[in-house]
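Notes for the structure review
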Amino acid sequence: MPQRVLIAGTSPLLAGRLAARCLSATDSAAGADVVLLSAPGSRPGAPAPDRHGLAAFVTRCAAGERTPAGQGPPTAGASARPPHDAPGGKRLTVVCVEPDAVARELKAWTADQVWCVAPGWDRSPARGARADSALAGTLLAALPGLGASRYVHVGPDTTADEGPARRSYRDLERLTVETCLDAGVPWRVLRTPPAMDARASVLGECPPGAHRLLWALHSVRTEIEDRVPDWFERHPLRVAGVAGLGLTLLTAEQAAGELWRAGGTGELPDGFATVPRPAPVPLADVLARAGAVHGIDVRPVPDREDFGAADRLLDLRLRDVLRQAVRLRNAAPASTGTPPPGAARSDSDAAGSVTTRTDAENASPAARTVAADAAPHSRSHSATTSAPAPQAGPATADAPPPPLSAADQWELFGAVRAHRSPPDTARGETALRRRVLEVAGRPLVLFEGGAGEGPPLLVLNALGQGPGFLTRLCAHLAPHHRLVTWQVRGTEREDPAWGIRHQLDDMNAVLEAVGAERAHLIGWCTGAKIATAFQQHSPRAVASLVFLNATFRQNGRWDGMDTKYESDLAAVCRALDRRPHKATRMLDLLAPGAAGGRGSPGAPDAGVLGVLSQALADEVRRPFRDAEVLVRYARQLVDLWRLDSAAQAPRVGVPALFVSSEFDGISSPIRAREAARCFPHARYAELAVAGHYAPHDRPALVAELITEFVRAPEEVADLVRYAEITWHIDMEGTAR
């Protein structure tokens, strides 16, 4: 009877490659049956693959075929088998589950060999360590019921990381060794550096290192060309801090081959092994080639002194790439600041070899656990042995994988770009359904859809605005949440005067129409003050508040914090409220032509990132298209500015998340931060090098903030801690 190998992982890419190795290791008649249990956390910008896409990936890898470009990102699913005529198809079962359903799924399986693939490749180290620990803990708890005679744990090579992630993964290794020793199950602990694969983005992954570099270039290019399509024909992007640094380029196929050789072949002894790293490629060369693939002239410079906004955005998104870099042999220290973590190692350290360790046969479990914690540095309880003789293909201990040639880099970088789905600035339309309600004798247009349990998201648009501003954000939220938005009333010619009280009545009607007793409120721009007022009006109906580029302008409060646009708008709206006949003369004074400006006083110029997205050109002029609409809009704003949100805020008992932008030249970020201090349970996050329309320009990032906040409001700052986000306010409303 064939053996069964269970491979469970938070990385579909690496777990899938290992499943392919297992399928191709022996012929189909005598080979092992493989159960691939994929349990990554699906989130905006990184959808988890479904069973069909993952099964196709595994079978193509097992056959040694190149995967075709252009396949869209898959979605969630359950278990399935690939076609029987596919390589290994009769022996492969793919199961895709949510992370919290792994324990329940494991009850249906037994296995001779169990692999836990937890490589720590999540963009958020804290979130990744938590997910990997949860999967490993669940597998170890289920080990007796699985009946396994061998257990292999795959974790990250954290040699250069001295932070909490390293400690978390070392604790996980100790738990693995101790549990296996207590259960009498032979074990192996393997460590792998990040790897590259053309289909990583299709599988919802962006491993550290070179993949993040390619993502950074792709995302910056997309965000800029959304504003000025030919900008890169005239402007280079500058990078600093790369002199003397290199990046190891290891393919996922190579990594899987080394891991399988170290843990899946023969009767190997208990112990540890680390996948060897190829010799690093100079980071300047990688940037030049990757930039050329994306049509960007990337130029290394000595320092960041003259960086523009576009250079700063790329610099921020390359921060964790630099942390993966290594110091090239005989390279002089970088001329700008302290080298990033990891850069202190030389290329000779980076190109290490597979090393295994065997615990003393009679050592106690406690002693063996200490040895596991110390390995591979301590020799007090274990002996070093050579790795088993390699099969054809994988590198030996004396010959680590060679660095990718320039031609191979061109091919791989181009394949990654070809497979990448549109990132943060996805142009796809959301599949929300439109329906019309009769509320207060007038039609109210709703847009609803999405999936997910728990209270829905009610997305409050700004006064006078159409749904186009939030289309991209809703598209990223819909796969993870049930959501509803609507056309805010009061500015159309046929609408009667529609004040704050009417807006609150509309919100009550929306909740009733979607059959929800509670909801999370997301207010963009002026929607933030209305959301606060609704929470005071119906506190039991609100689970949390999210304010995106919020304006909390209020008569007699926070004076002197207006942006120039707000000052001009306030003066004109007050004048129109008194003398509406002057509206025609004022139309051209108000329509904003840019989506950024300088933002906070003293902030640098937004440059190209202050230019309005071409997709929003008509949307921003909506309240200014004729004199009658302008007067209605002005009176709504005057009514809103009378609302005392500062007095309401201390009574808000639910968590609140503020998301502002450094270059917001329309809604004052300074005033939003002061308003956040009035809320008892607030977090304030500021997006660097972003403008007023960040929900449109960076929808995946904003959707990720919303998703993590709704799920765990107290932990959102730790779960979404990226270089382009600055967290200012903690959950008690005090400044950090």
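Residues numbered from 1 in each chain as written. Predicted model: local features only at pLDDT ≥ 70, side-chain atom pairs only at ≥ 80, totals over all residues. Heavy atoms only, no water.

A short note on the overall build of the protein chain
Counted only if it meets this: Numbering goes from the N terminus for both helices and strands, where a helix is a DSSP run of H or I of at least four residues and a strand is a run of E of at least two. Working definition: with a 1.4 Å probe on protein chains only, accessible area under 20% of the residue-type maximum means buried, over 50% means exposed, and in between means partly exposed. Working rule for contacts: check all heavy atoms of both residues, and any pair within 4.5 Å makes them a contact. Each accessible area value is a Shrake-Rupley result obtained with a 1.4 Å probe; residue values ignore everything except the protein chains displayed when judging cover.
Each helix and strand counted, the protein chain has 24 helices and 24 strands in total. Counting only residues that meet the buried cut, the protein chain has 60% of its 736 residues in that class. Contacts in the protein chain between residues at least 24 apart in sequence constitute 79% of all its contacts with a sequence separation of at least 6. Looking at the protein chain as shown, the accessible area adds up to about 28,100 Å², and 51% of this sits on carbon and sulfur atoms.

Thoughts on the sheet that holds strand 19 (residues 482-486)
Heads up, the rule is: Paired strands are those between which DSSP finds at least two bridges. What counts as an axis is a line fitted to C-alpha atoms, over the stretch in contact for a helix, and the angles between N-to-C directions run from 0 to 180 degrees.
Strand order across the open sheet formed by nine strands is 16-17-19-18-20-21-22-23-24, with mixed pairing between neighbours. The two strands at the open ends of the sheet, each matched to only one other strand, are strand 16 (433-439) and strand 24 (725-729). Averaged over neighbouring strand pairs, the angle between their axes works out to 20 degrees when direction is ignored. When strand 21 (residues 542-548) meets strand 22 (residues 656-661), the two strands line up parallel, connected through four bridges. For phenylalanine 547, the partnering residue across the bridge sits in strand 22 and is phenylalanine 658.

Section: the packing of aromatic side chains
Basically, it comes down to this: Any two rings among Phe, Tyr and Trp, with Trp reduced to its six-membered ring, count as a pair given centres within 6.5 Å; such a pair is stacked if its planes are under 30 degrees apart, edge-to-face if over 60, and tilted if neither. For a lysine, the NZ atom is tested; for an arginine, the CZ atom; a charge sits over a ring if that atom is within 6 Å of the ring centre and within 35 degrees of the ring normal.
Following the criterion strictly, the structure yields 14 aromatic pairs and no others. Arranged with centres 5.9 Å apart and planes meeting at 45 degrees, the rings of tryptophan 524 and tyrosine 693 form a pair that is tilted. Highlighted residues: tryptophan 524 in strand 20 (residues 519-524) and tyrosine 693 in the loop between strand 23 (682-687) and helix 22 (694-697), separated in sequence by 169 residues. Classification of tryptophan 524 as buried rests on a relative accessible area of 3%. In this structure tyrosine 693 comes out as buried when scored by relative accessible area, which is 5%. Taking 5.4 Å as the distance between ring centres and 75 degrees as the angle between the ring planes, the aromatic pair formed by phenylalanine 547 and phenylalanine 552 counts as edge-to-face. Judged by its relative accessible area of 1%, phenylalanine 552 falls in the buried class. Within the aromatic cluster, the residues linked to one another by ring pairs are Phe547, Phe552, Phe658, Phe679 and Tyr684. The positively charged end of arginine 123 is found above the aromatic ring belonging to tyrosine 722, 3.7 Å away from the centroid.

Details of the nonpolar core
Inclusion rule: Among the buried residues, those of types Ala, Val, Leu, Ile, Met, Phe, Trp, Tyr and Cys that are joined through side-chain atoms within 4.5 Å form a nonpolar core.
Counting 109 residues, the largest nonpolar core has Leu521, Leu545, Phe547, Phe658 and Phe679 as its most contacted members. With eight residues, the top contributor of residues to this core is helix 19 (residues 627-641).

Quick notes on the sheet that holds strand 13 (residues 326-327)
Strand order in the open sheet formed by three strands is 11-9-13, and the pairing between neighbours is antiparallel. Taken across any chain shown, the strands that pair with only one partner, and hence form the sheet edges, are strand 11 (281-282) and strand 13. In this structure, strand 9 (residues 245-247) lies alongside strand 11, joined through two bridges in antiparallel fashion. Pairing of leucine 247 across the sheet is with valine 281, part of strand 11.

Things to note about the pattern of salt bridges
Our working definition: The working definition used for a salt bridge is a side-chain nitrogen of Lys or Arg within 4 Å of a carboxyl oxygen of Asp or Glu.
Per the counting criterion, the structure on display carries 41 salt bridges. Between arginine 234 and aspartate 230 there is a salt bridge, and its shortest N-O distance comes to 3.0 Å. Residue class for aspartate 230 comes out partly exposed when judged on its relative accessible area of 32%. In the salt-bridge network here, residues are joined through shared partners; they are Arg43, Asp122, Arg127, Glu704, Glu708 and Arg711.

Brief notes about the side chain of aspartate 311
Assignment of secondary structure puts aspartate 311 in helix 9 (residues 309-317). Beyond its immediate sequence surroundings of up to four residues, aspartate 311 is in contact with Pro236, Leu237 and Arg238.

Some remarks on the confidence of the model for the protein chain
Applied cut-off: By definition, pLDDT measures how confident the predictor is in each residue, and it falls between 0 and 100.
Per-chain confidence: the protein chain averages 84 in pLDDT, with 81% of residues scoring 70 or above. Ranking the elements of the protein chain by mean pLDDT puts strand 15 (residues 382-385) last with 32 and strand 21 first with 98. Here residues 66-87 scores under 50 on pLDDT; set against residues more than four positions off or in separate chains, the count is 58 contacts.

Some words on the environment of leucine 318
Relative to the helices and strands, leucine 318 is located in the loop between helix 9 and helix 10 (319-323). Among the residues examined, leucine 318 registers a relative accessible area of 8% and is labelled buried. Note: C-alpha distance between leucine 318 and leucine 217 (101 residues apart in sequence) is 8.9 Å. In contact with leucine 318, not counting residues within four places along its chain, are Leu213, Ala216, Val239 and Leu287.

Remarks on the environment of valine 242
With respect to the helices and strands, valine 242 occurs in the loop between strand 8 (237-240) and strand 9. The buried category is assigned to valine 242, whose relative accessible area is 8%. For the pair valine 242 and valine 301, spaced 59 residues apart in sequence, the C-alpha separation works out to 8.6 Å. Among residues more than four places away in sequence, those in contact with valine 242 are Leu283, Ala284, Leu287, Pro300 and Leu322.

Here's the deal with the pairing of strand 16
Alignment of strand 16 against strand 17 (residues 442-450), held across seven bridges, turns out to be antiparallel. Bridging across to strand 17, valine 436 finds its partner in valine 445. Once strand 16 ends, the chain turns through two residues before running back antiparallel as strand 17, passing alanine 440 with a positive phi of about 55 degrees.

Brief notes about helix 9
Note that an α-helix has 3.6 residues per turn; residues three or four places apart therefore point the same way. Counting buried positions along helix 9 gives eight out of nine residues, so the element sits mostly inside the fold. The set of residues buried in helix 9 consists of Ala309, Ala310, Asp311, Leu313, Leu314, Asp315, Leu316 and Arg317. Residues of helix 9 that are buried in the fold lie against helix 6 (210-225), strand 8 and helix 10.

So, the packing of helix 6 against helix 9
The line we're drawing: Throughout this description, any angle smaller than 35 degrees is read as roughly parallel, any larger than 145 degrees as roughly antiparallel, any in the 65 to 115 degree range as roughly perpendicular, and the remainder as oblique. Less than a right angle of anticlockwise turn of the near helix away from the far helix marks a crossing as left-handed, whereas a clockwise turn marks it as right-handed.
Contact geometry for helix 6 and helix 9: axes closest at 9 Å, N-to-C directions at 150 degrees. Put simply, helix 6 runs roughly antiparallel to helix 9. Crossing handedness for the pair helix 6 and helix 9: right-handed. On helix 9, the residues that touch Trp215, Ala216, Leu217, Ser219, Val220, Glu223 and Ile224 of helix 6 are Ala310, Leu313, Leu314 and Arg317.

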